[in-house]
Every structure is written in C-alpha cells, then in structure tokens.
Amino acid sequence: MTDPDRTGGPVPPATGTLGTDAPLSLAPAPSGEPAFDDHRPPSAALVADCVHCGFCLPACPTYALWGEEMDSPRGRIYLMGEGLEGEPMTPAMVEHFDACLGCMACVTACPSGVQYDKLIEATRAQVERRFERPKADRALRGAIFALFPYPLRLRLMRGPLRLHQSSGLSRRLRKSGVLQRISPTLAAMEALAPTLGRAERVPERTPAQGERRGTVGMLLGCVQREFFPGVNAATARVLAAEGFDVIAPAAQGCCGALSAHNGRETEAQGFARALIDEFDRARVDTVVVNSAGCGSSMKEYADLLAGDPAYAERARRFAEGVRDISEFLHERGTVAPRHPLPMTIAYHDACHLRHAQGIRTQPRELLTGIPGLQLREIADADLCCGSAGIYNILNPVAARELGDRKAANVLQTKAQLLVTANPGCLMQVASSVERSGGRIGLAHTIEVIDASIRGLSVESLGAPPTSIPPNPLQ
Amino acid sequence: MGEIILENLRAATEGHAVGATEADAVDSMPARWVALPVSTEQTAAVMRVAAHHDLAVVVRGSGTKLTWGARPERVDLVLDTTRMDTVVEHAAGDLIVVVGAGRRLDDLQAALSGSGQWLAVDPPRRGTVGGLIATAATGPTRLLHGPVRDLLIGVTVVRADGVVARAGGKVVKNVAGYDVGKLLTGSLGTLGIITQAAFRLHPLPEARRWVSVPVTEPDRIHVLVQQVVHSQLVPTAVELDRPATGDATLCLLLEGIPPGVQSRTAQALDLMGAGATAADNAPDWWGMEPLVGGEVLLKLTHEIAGLAPLLSVLDDACAATGLTSHLRGSVAVGAVTVGLTGAADAHALARCVADLRERAPSFGGAVVVLEAPGDLKADLDVWGPVGGLQLMHAVKRQFDPERRLSPGRFVGGI
Amino acid sequence: MDARGLADQLRPLLGDDAIITDHQRLRTYECDGLAQYKVTPALVVLAETTAHVAAVVRACAAAGLPFVARGSGTGLSGGALPHADGVLIVMSRMREVLEIDRANQRAVVEPGVINLQLTRAAQPQGYYYAPDPSSQQICSIGGNVAENSGGAHCLKYGFTTNHVTGLELVTPGGEVVQIGGKAIDAPGYDLLGAIVGSEGTLGIATKVTVRLTRTPEAVRTLLAAFPHTDQAGAAVSAIIGAGVIPAAIEMMDALAIEAAEAAVHCGYPGGAGAVLIVELDGPAAEVAHQFDEVEAFCRDNGAFEIRIAADDAERALFWKGRKSAFAAVGRISPDYIVQDGVIPRTALPEVLRRIAAISDEAGVRVANVFHAGDGNLHPLVLFDAAVPGESHRAEQVSGAIVDLCIEYGGSITGEHGVGSDKAKYMPRMFNHDDLDTMQLVRCAFDPSSISNPGKIFPTPRLCGEVPGRHKGAHPLADAGLAEVF
C-alpha cells in the first residue's frame, strides 16, 4: 500500500511497508542525487518503449491487490523513468520496486514488447547497491542469502531440532527476529519434504535406458536438492528412461537466480561463473532444469556476464543450452511408454515458466499425453501465487493475499492433484490451501511423468480421492 | 399591442402567422397566436419576437400529443412546425436521413421505403418527427431497435432566446460535445424548438411473422416473458395485450431473412406452447393505445421481471377505486400503457394513480398520466416523483431562464 | 486552502492509504493513455466508496479547487489529465460488480469495474456487456460512461449511452443523486443522455446500472485479405447495402497489419493491402445464411484469401491483431498520434486516398485501423520525436485528417472523446452558438466550473453570475504547456 508522505513529521508506529513489521526508514538517498548511476542503469530506450497503454495493469498481481498506479508495471516503469530524469531514489520509489513480484505477467501482456524483465532486474541491482535499507530489512535479506543459495547450509536447517537450536547461526541473527520471518517458509518446506532417510541422491551419472539419444547435464538446485530430492530423482529417471545419459555433478552450487532476481548482481555473477565452470567441466551442451525460477535465470546468463570478457562468450553458449525439463522433452519427443494415471489434475503455471520463459503448452501436452489423466485449467491462471522467489518472506501480507486467491481458484477446480514446476509455487499454494482448510495433493510435473513411466499408482503421488474444498467457516 | 406582435410574427415568417382560434388551444389552454415558420432561420426570428414580447411558446407538430404532460400555465404563441417538412438529405448508403421536424413520420417512412429503409420507430400516435423526439414516443420495435433517443444522431434546435444551435451530426458514431439531442428527447418542447433532426436508419426486414398465444394466468405471463427474453429468438417486439375482461394475449414479432424467420417461428411456437399461432400480419391491437373510451391513459414503466407485481398492483388499485384497466405494451422492454375506465370523479382517479405510485417500488418503475379529461387532469399529479429534479431545474434555468417554453407542462412544474 | 490542506482534511475519513502527496508517486498519475500531455496533480485520492467521493468533491467545492476523475487511466484524449492545483480522484479501487440481475437483464457495478470483468461476471448466466472497446481488458466502466465508449461491436449493439439505464452521480456540488435505475424512461429530462459522454465534466458516477445483452446463439467471424483498401471498402459497401448488419466490420491497412504482426503474431495473410474482419452474430439460422452472403461479397470484391474462424481460439486470434493495433505500432515507430475521426461510410475509399495523399506530401507515415462499418477511422500518425521537425509535421498531418473528416460531414471524435487533445478542433466542427448551447448544460451541473474544467471546450463559458477567479482554464494552459486555443 502507499504510505503517506514520509519526508518529515513523526514516524507512525510500526505499520511499515506492505504489512511488514519493519518500520520504514526516514533517510532517503541524498537529495539532489539521481536515483541511478552509470553502472547498468535501467535502459532509457527500454523505458521509452512503454506507450502507457495500461494493458499490463490487469495482469499485475499488485495492481489486482491495491489498485494504485505506482504498484503496476506501467507505474513502476514511470518511476524508473523519473529516476532516469534525475529524481532521487527515495524510500517511496524503492518500496514500489520491492513490491514487484517479478512474475513477468506484464511481459506476456504487453502489446508493445516492453522488456520489463530487463528493466526491473537492472533497477533492483541499482537499489541493492545504492539504497541503504533499514537495519532489520538488511538483516533479513542477509540471512536469506546466507542460507538459501547454499545446499549444505539448507541441509543443516532440516529437522525440527535444528530450527530451534540454530547452533550454526550467529546470536545476532537469532535475536533480530529474522528467524521468525524465515521459519514459516522453512516450516512449510519441512512439512512438505519427505524425511531425510528416504532422500534419494541423484548420482553423478545416470545412464540412459535403451537406445541412447544423447547426454544432458542436470541442475540439482538448492531448495529442490535438499527439500525435494524426490523431484530430482524423478527428473533423472525420466531423462534416462527417455534415452539420455544424465550428468549431475555433485559439486555444483546455486544458479544465482534468487540473487539475480533481487538485485544482488555481483553475488549472482559469482554463482553463474561457478555453475558454468562446473558444467563445462562435465562437457555437456545442454543443461536440463526442473525449477522454473532457476531455468529462467540461467537463460539470462549472457546478459548477466556480458561485461565479463572471460565469461561473456561461454555464458552465451551455456545459456543457449539451458532447457526446462518440459521444454526439453517436448523438443526431443518422448519415447518411453506411458502407463495410465486416471486422475484429475490442476496445472498451475509457474510465472518463471509461463511468463519469463514463455513455456505454456509443453507441460500441458506432456501431461495430457498420459492416458486417463484429465487436466483442468485454473481460473485467473496468469495471476502469480505470491511465492515469487523470496517475495513471500519479504512481503508476507501481500503474498498471503495472493496465495489465498490462488488457493481458492485451485480448489475450485475440484482436482485431486495440483501440478506445478517450481518448488516455491508448490510451497506457497500448499500453505495457502492448508490455511483455507482445504486439501489437495501436490506434485511436480516431472513426478507425474515419472509415475506414468514407471506404472505407479495415483495414490503414490499423494493424490487424495478428491480434493477437499476450503472450510467455509474460516 | 397584440397587433404589433402579430405584425412582428408575420414579418418573421413572411406572412405565415395568424391569430389563434379555439382549435389552437393547448390542452384547453387558449392560445393567442399561431406562427408557421418554414425554416430554422424563420423559427429563430419567431423566437426572437417571442423573447422580445415575453410570449409563452408551445411547439406543435400534428398536435397528436399536445395533451400530454400537465396543462401549460399560459400559451401565447403556438409555433407550428408542419411547414418544415422536407427530407433535407437521405444518404441511403450511409443509412442516415436529415429531415425537417415538421415532417410527418408516415411521410418520412414513405420517402425512405423506396430504398428499403425505415426509421425504426412505430409509436401508436404518429405525428411529426419533431413530436416523436419531443415526446420520446415509443412503440413495439423498441425492443430490438432501441428508443428514439438511440436513433437520433443530430439535431438543430432554436433556443428560447432565438439562438440556433446544432448538436451531434450526420454520423452515427460521434462523441464530440454533449449529447444535447438526448436531453431534448422527451423534453416536451421545454428546452428549445427542434427544427431539424438527423436519424440513423435500418434496412426494412425481408420477412416478418407474428406469433401470438392467449394467456390466462397472470403468473404465466411473467414466466412466458422471461422465457422469451432469455431465449435466442431475438424478437423485434414482445407485446402484451391485457383487456379488462377475457384472455390476455402475448405476441412476438420476428424479423429477418426468410429461412431465419421460419426457423425462429417454429421455435417460438414451441416455446409459447399450446394455443400459439403464427401469422403474416400483426394482430389488430398491435401498436395501438388501449384507449377504451374512458380517455384516461397512463404510462407505466417496470423492471422486466417486475411485470407480475405490476399486474397485481394494477388490479388491486383498480379494484380499490372501482376502475377497470386495459393494459397493452412492450413488456420485454418495461414500458406499457394502461387505459382506465369507470373513473367516477377526479378523486377515484387520483387515488388509483397514488396507489400505483406508492406500490411502484414493487415493480421498479414509474407511473405517468399521459391523458385524462381536462377536469380530471387538473387535479392530478401527472408526473409523480422524479429523481434528479434539482438538476433538471438547473438545466431548464440555463436553457429557458424566463420560463417561456411550455411553462408548467413538465416535471416539477418546469 | 490548497490541495495540501485538503489532504490533511481528508485523511481522517479516507485513511492514509488513500491519500497520495509524495511527489514521485503523484507523477505516476500525470497522464492517462495519451502520454504526450502530462500535468502533475497536487493531490491524488484513491476513493473506495461513494461517501469518499462525495466528501472529496465537497471539499474541493468548498475550497474552489478543480477535480478530475480517473478510472484506469487508459483514455486516448487526455480526459483524465490532472490539474496542477487540483485533486485527481482515482476510482480504480471501486471495482465491485455489485449485482448481476439476469431476470431484468441488468448489472449494477462500481465505476472502477473493468469492462471485460463485467462481461466475465455475466457470462456464466448467458449474458455479456456489449460495448467492447479494444482496451476492454483494462478500461473501466466509469471511464466508458465518461467517454461514451464504443468498440468494434457498436455497429450492431450501440455505445455506452445505449446501455446505461441508471447512475448514482456525485454532482460537482458534492451531492449524491440517483438517476434512472433498472427500468427505462424515467420521467423528466434524459439526464443520463447528457451525462454519458460528458467526459467527467458533469460530476462523477459512483454506481452504474447497465443493460446486459444475451450471448448470441451463433457467432461467425471471417478474416478477408484484399490487395487494396479500395476493394475492402467496396466489400463493406456491398455488405451493408444488402441490408446485412454485422456485429462488427473492422479494417486494417498494410502498415497496421505489419505492426500487429510484430506485436502479437496474428498471422494475417501476407501481402495484404487491407484485411477485413467481419463478425456476424445472432440466431443460428440467420447467421448461417448471412455469413455465406458476406463471404460471397468479399470474394466478389477481390478478396484473395478468406479465413473462417473454426473455433473461439481462432476467433480470438483474428481479433488479437486488431485489438492490439494501437499499442503495437509502438514496435514500428517510436512515437505516434492516434486520431479518432468519423466520416460517412460511403466516403471511406475517397477519404483513405486523401489521407494517403496527405501522408505522402508530408513524408509522414499513417497506419489505418478502423471500424469500417460505421466510418470511424483511427489513423495512426507515426513519427520520431527525436528527429527535428517530425513532431510538428505529424501534428499537421493529424490536423489535416481532422479537417478532412469535418469536410466530409463527419465528426472529430467517434469514441475517444474530446478531452484535452481535441478541444482545439471543436470550433472547426461547431460554431460559437453550438458550443455555447452545450455549455449551458455544463453550467447547469457545474456552475463553479470545478468538475474536470478545461476539457472538451477550448474556451470556457462563464456561467451566469459567477465572476472572479477563472477556474476553467485549460490544464495545459495552466501548466504552461499550451496557449489558449
């Protein structure tokens, strides 16, 4: 929401930004200094592409929530334009940039082809470098980025004991209340993930079954690797069943998506270089990704490392070889026979698959290609679920509202299983559904395909006989 | 003084002004002069004379609806428009016509029919085109083609002060400026004198069929109307005739190309049920007012689904006051006319109207007295409650600050 | 009191969330869909209820400050251009569909409801809201009421003014008035007829009652490609001349097709000098026969390719190109002016030739998109503001096209409204007395001239006995962006 003019006057108590508990800083950037400096500012030419038609407004989740211009793509582009004209980077301006989910629904909706994705990414990087956030906000972000991009540290967070002990984290962090902010997300992840004992690690090399059609690399991810190893295992199995050798180097790290999407440019570049190195060592031309957010970021490595002569070309080649798993299977065609899975599913388009990568029909075709499977569309399908990377940690109120909307629409399909291609979406919808008192099974697209290839039962996917509608009393 | 005024009027109309006779009285209010301008310029000149001499002016076309509204407070000049009757322009390819306000509607239709077109209004009392606009006359085909206000695309009007103004134009799509034409529609000549109008036209249909069915139960009327309204028949008109005694008749008009009309007629017969018949001609009551000799005519509007409550309220009100009603009209649009008989005195009639108005919220519309014998009408509130009356007064004050155009005839004493 | 003072006064009632005074935020509201004109409002208020709107308007009336209402801010005539010293009242949070009343074929909505949102709300019951501007996925009903918006299907179904049966209006004095309702023909003057299309100058609608239209039994759409606009125009004449009233007939010329293709990949037939989209709807038997007729007319007039939509998806694809056309030209030109003139339909071929001549002579490209059925043109005058002189030449071409429309007995605006943008052309279409008479209406509703003043009429009329401060100045003149026209 907008807050009133903050330049001067007493600070109203604790209603800060967007329902967060963090009070808004009263110290804007030095007056007179323009918002953006010369290092990769949002492009004036791209800003000028916007003809102000407003077709993006109905696609934008924050406009759907708050109905105000500043929290719409058109308005954010306008603020970027103001910054380029020399307006300072004020807390107000930053607030609106931060409120953007980065879902890219506006990119899909825009008839003029405005590259909002490039604009917001450049803007966020400028904000991270140049805007001094309030202490608590900085602490929270610091904690997030000290944890999520590091699979080993995530592993340490597993298990209820660990959450409370937090012996691996500093005292300051514990005191600052940051853990309370992160822990709901961690708790959700924990609740959904199978116990450590059953975790199947994907081997460094999984050989193809039957006639070998090629070799691909596979991203293991961070949250996916530690909390949903079953998804990774299913991915490797499906690729192998379809005739591909799967190379999944254990030493691989984070792809840097969270960092890139939140303006932490140098950090993202570091992760990107390491990942490119790792897969170059593995000598694969194609890297298959089962997380929408990661895949979208990896496809942008050429831009991210364009300024680094040592990596620019390698990044370009790498990016060209990145494929989402559904995209890959669709492209190469499937050979492994499918066994029936008689059930109804609701398919949720992860924003970074649908909008950022434009992948919409491929997963649907793969799923409807399974005999007996009935796919139902979700109303308002293009509206983000509110997960948006770490958005639901930074902006819990807005994320909650969006999650509630998505949960209601999902449950309305009366499908047995919700299928999506992003761990973040899965967790967000899961907790929203639970909050509403409803129930629906959850699975990653690749898990469904894996179950079909292996001839598993509908029950094995955790689908209840029918989805349970939200509790009307809540 | 009267001589000078007549002189001036004759000068303004090149001799076409006379002293009024009894026949020129407006709703029993005697007039003093009649002027018959032949053009907008002459009309403006006449109005300047009227302004100069503070004359109250009532516009008259064929005079078919001069008794509508309340009786005017005074009538000095009757401005007769019938000499302004030319078809100024008929652009058949563009389906528009520009016509003098004094042309009779029937004569206009005759002129248009040669090109296979018509002005899509068919009200019961067909006078001049100007009268059509000024009274917002309505007929059965309104359901499909819309009311007069939606067919009017341009207007030339002479103000009370004699200034000539145009609004709209000759093209159907036009949002330049305010839609003064709509403001004038139904204004009973209280805002200005319409001298010329431009209308959008429709092609005459190739085929027409009327499908009728007698209906006895009041509830069945409503059910049938709802079924028709939500069907895919797309009727041009849906009319109900409900006399005081005997069966009511519901009748649809279906128009279009022959195979389409044939198919829809079959569907309509099916939908309307037992006793439904199809004919190539309209029933003899079609498009006529239900005047039953009692000379009291009301216009009732209603929400489409308010038909059943309206019939029930009407019957109650009549029973309570010893009146009988004959209702006829466009029940799928929500505008019907009711003829009343048996009004022993003004009191009974007033009570009946008051009853109707009091219970009007149940059918969501308004009750307006169109016609009543002079002595009865004088004691009646012709118009009833009016929403936005203050704004209407403000509009009147701007257009006619001296209150000389049909004073007292309109709502709120305007 | 100025707008800042007003903010403090309104905060307790409306809440902090509803008041915007921060300069950077205010600037995001400084233009609507017509980005060439920008004026930063002194204050922005996001209303959520009728009471809010009334309170703000009353406060403005008491302080003598102008106010401007804004819906989604997608208008193309600068109707929502703010006043530098006034309040912008944003209606986008009043977006509830209050009632879908199938039995009465009515809907009651708040003004911030989006046009397509209303149609979607009615669709499950077999109804829809007929006026469908190309921006219907974002434009608001309130905005439609202000501009009397049309859309591709207005040829058969009419415009907003033919579909509004009731309004709740906050008058410029701050009173709440109920006009009309679900029934038609409310006694008295047709105030609805004056208010719809009055571009926010007669008050603010806070509730709108509209007619809903039965979803037609059959819809058939074809796309026909012609070598030249002449032939396409002849086909249109043949169709209309035969007494067919299609639901819509749209035409695009080669340049417009190029832009649309680049934007949305609609896949229109290559090499077309013009494409026609003709849509028929109604009872199945009627549509089937008329459609064959229409197809024949297209072929007889030189169509080299005709596509018939096989299903809703294909139909949507035909329309996608047309509906994105305006925004799509952004891909083939850095800047553009969109005109909205109307000419008699029969004059179409000749006028298109004249436009081509004007375009050639000035060296300025013009893409044409239009509602061929009713002669409403949307010439898109393309230019690059960065090139010296091009802006000026584009303006001149634009003005010449407007003059052309007037010359042929048409109108300067068919559906976008006069707003700020075309006020200067009003005296070309209407004389002093015409404009004076229209302004009588304005004076009746808004004697103090605070309701979106400076729009529509280039020279405001002083209303009767109100002397003193001249509040009706054109906002562009106020902001020093233009001289009084």
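Remember, predicted model here, so these are calculated numbers, not experimental data.

> What exactly am I supposed to notice about the overall build of chain B here?
Counting its secondary structure elements, chain B contains 13 helices and 19 strands. Seen through its principal axes, chain B has C-alpha atoms that stretch 70 × 55 × 35 Å. A buried classification covers 59% of the 414 residues belonging to chain B. Considering only contacts in chain B between residues 6 or more positions apart, those separated by 24 or more positions represent 68%.

> Can you walk me through the overall build of chain C in this structure?
Broken down by element type, chain C carries 17 helices and 18 strands. For chain C, whose C-alpha radius of gyration is 22 Å, the value lies close to the compact-globule estimate of 23 Å for 485 residues. Principal-axis analysis of the C-alpha atoms gives chain C an extent of 70 × 60 × 40 Å. Across the 485 residues that make up chain C, the buried fraction comes to 64%.

> Quick question: what am I supposed to make of the domain arrangement of chain B here?
Interface extent is often summarised as the accessible area lost during association of the parts. Residue and element names in this part refer to chain B. We note that the domain assignment places domain 1 (2–82 + 401–413), domain 2 (87–203), domain 3 (207–279) and domain 4 (296–378) within chain B. Spacing between the C-alpha centres of domain 2 and domain 3 amounts to 30 Å. Taken together, the four residues of domain 2 in the interface contact six residues of domain 3. Considering only residue class, the side of domain 2 that touches domain 3 consists of three nonpolar, one polar and no charged.

> Mind showing me how you'd approach the sheet that holds strand S3 (residues 67–70) of chain C here?
Within a sheet, adjacent strands bond to each other through the backbone by hydrogen bonds, running parallel or antiparallel. Residue and element names in this part refer to chain C. Here we have four strands laid out as an open sheet, ordered S1-S2-S4-S3, and mixed in their pairing. In the strand order of this sheet, the two ends are held by strand S1 (19–20) and S3, each with one partner. Of the strand pairs in this sheet, S1 and strand S2 (residues 43–46) are connected by two bridges, and their pairing is antiparallel. Opposite isoleucine 19, over in S2, you have valine 45 as the bridge partner. On the sheet, helix H1 (residues 3–14) packs against S1, S2 and strand S4 (87–90) and is oriented at approximately 15° with respect to S2.

> Can you walk me through the interface of chain A and chain C in this structure?
Across the contact, 29 residues belong to chain A and 33 residues belong to chain C. Elements that contribute at least two residues to the side of chain A that touches chain C include exactly helix H3 (73–85) and helix H4 (91–99) of chain A. Of the residues forming the side of chain A that touches chain C, the biggest block, four residues, is contributed by H3 of chain A.

> Just to check I follow, could you spell out unusual backbone geometry for this structure?
With a phi angle near 55°, arginine 403 of chain B is a residue other than glycine that sits in the positive phi range. Considering the arrangement of structural elements, one finds arginine 403 of chain B in the segment after helix H13 (389–399). Residue arginine 403 of chain B is classed as partly exposed on the basis of its C-beta count, with 17 C-beta atoms lying within 10 Å. With phi around 60°, aspartate 185 of chain C is a residue other than glycine that occupies positive phi space. You can call aspartate 185 of chain C buried: it has 23 C-beta atoms within 10 Å.

> Which parts of the structure should I look at to understand the packing of helix H10 (residues 307–321) of chain B against helix H11 (residues 346–358) of chain B?
In helix packing, the relevant descriptors are the interaxial angle and the interaxial distance, both defined with respect to the helix axes. Residue and element names in this part refer to chain B. Two numbers describe how H10 lies on H11: the axes approach to 9 Å, and their chain directions differ by 155°. Here H10 lies roughly antiparallel to H11, going by the angle between them. H10 and H11 meet at a crossing whose hand is right-handed. On the side of H10, the interface is formed by Val313, Leu314, Ala317, Cys318, Ala320 and Thr321, while H11 contributes Ala348, Arg351, Cys352, Asp355 and Leu356. Its residues placed into classes, the contact of H10 with H11 shows eight nonpolar, one polar and two charged.

> Quick question: what am I supposed to make of helix H19 (residues 325–332) of chain A here?
Two residues of an α-helix separated by three or four positions point the same way, owing to the 3.6 residues in each turn. Considered for burial, the residues of H19 of chain A that qualify are Ile325, Ser326, Glu327, Phe328 and Leu329 of chain A. Positive phi shows up at glycine 333 of chain A, right after H19 of chain A, with a value of about 80°.

> Is there a simple way to explain the packing of helix H13 (residues 229–241) of chain A against helix H25 (residues 445–454) of chain A in this structure?
All names here are of chain A. Look at H13 against H25: their axes get within 9 Å of each other, and the N-to-C directions meet at 50°. Comparing the axis directions of H13 and H25 gives the class oblique. In this structure, H13 crosses over H25, and the sense of that crossing is left-handed. The residues of H25 that touch H13, namely those facing Gly230, Val231, Ala234, Thr235, Arg237, Val238 and Ala241, are Ile446, Glu447, Ile449, Asp450 and Ile453.

> I tried to follow the arrangement of the chains on my own but got confused; where do I start?
In this assembly two pairs of chains touch, with chains B and C having more contacts than any other pair. At the C-alpha level, the nearest point of chain A lies 21 Å from chain B, with no contact between them.

> I would appreciate a short explanation of the pairing of strand S18 (residues 376–383) of chain C in the present structure.
A regular strand places its side chains so that they alternate between the two faces of the sheet. All names here are of chain C. Counting buried positions along S18 yields eight of eight residues, so the element is predominantly enclosed. Of the two faces of S18, both are covered, the one formed by Asn376, His378, Leu380 and Leu382 as well as the one formed by Leu377, Pro379, Val381 and Phe383. Of the strand pairs in this sheet, strand S16 (residues 335–338) and S18 are connected by four bridges, and their pairing is antiparallel. Bridging across to S18, aspartate 335 finds its partner in phenylalanine 383. In this sheet, S18 lies alongside strand S17 (residues 366–371) in antiparallel orientation, the contact comprising six bridges.

> Honestly, the nonpolar core in this entry has me stumped. Any pointers?
The nonpolar side chains of a soluble globular protein tend to be buried, and buried together. The biggest cluster of nonpolar side chains holds 449 residues, and the ones touching the most others in it are Val45, Val87, Ile89, Val275, Leu276 and Leu380 of chain C. Residues within four places of leucine 380 of chain C in sequence aside, it is in contact with Ala256, Phe326, Val329, Tyr336, Val338, Val366, Ala367 and Val369 of chain C.

> It is not clear to me how the pairing of strand S19 (residues 367–371) of chain B should be interpreted in this structure. Could you clarify?
Residues and elements named next belong to chain B. Most of S19 is tucked away, with five of its five residues classed as buried. Where strand S16 (residues 296–301) meets S19, four bridges bridge the pair, whose relative direction is antiparallel. For lysine 299, the partnering residue across the bridge sits in S19 and is valine 368.

About the thresholds
- Residues numbered from 1 in each chain as written.
- Chains lettered and ligands numbered in written order.
- Predicted model: local features only at pLDDT ≥ 70, side-chain atom pairs only at ≥ 80, totals over all residues.
- Helix = DSSP H or I, 4+ residues; strand = E, 2+ residues; numbered from the N terminus.
- Buried ≥ 20, exposed ≤ 12 C-beta atoms within 10 Å, placed from the backbone.
- Contact = placed C-beta atoms within 7 Å.
- Rg over C-alpha atoms; globule rule 2.2 N^0.38 Å.
- Domains from an automatic or database assignment.
- Nonpolar A, V, L, I, M, F, W, Y, C, P; charged D, E, K, R; others polar.
- Pairing = 2+ DSSP bridges.
- Axes fitted to C-alpha atoms, helices over the stretch in contact; angles between N-to-C directions.
- Parallel < 35°, antiparallel > 145°, perpendicular 65-115°, else oblique.
- Left-handed = near helix turned anticlockwise from the far one by under 90°.
- Core = buried A, V, L, I, M, F, W, Y, C linked by C-beta atoms within 7 Å.

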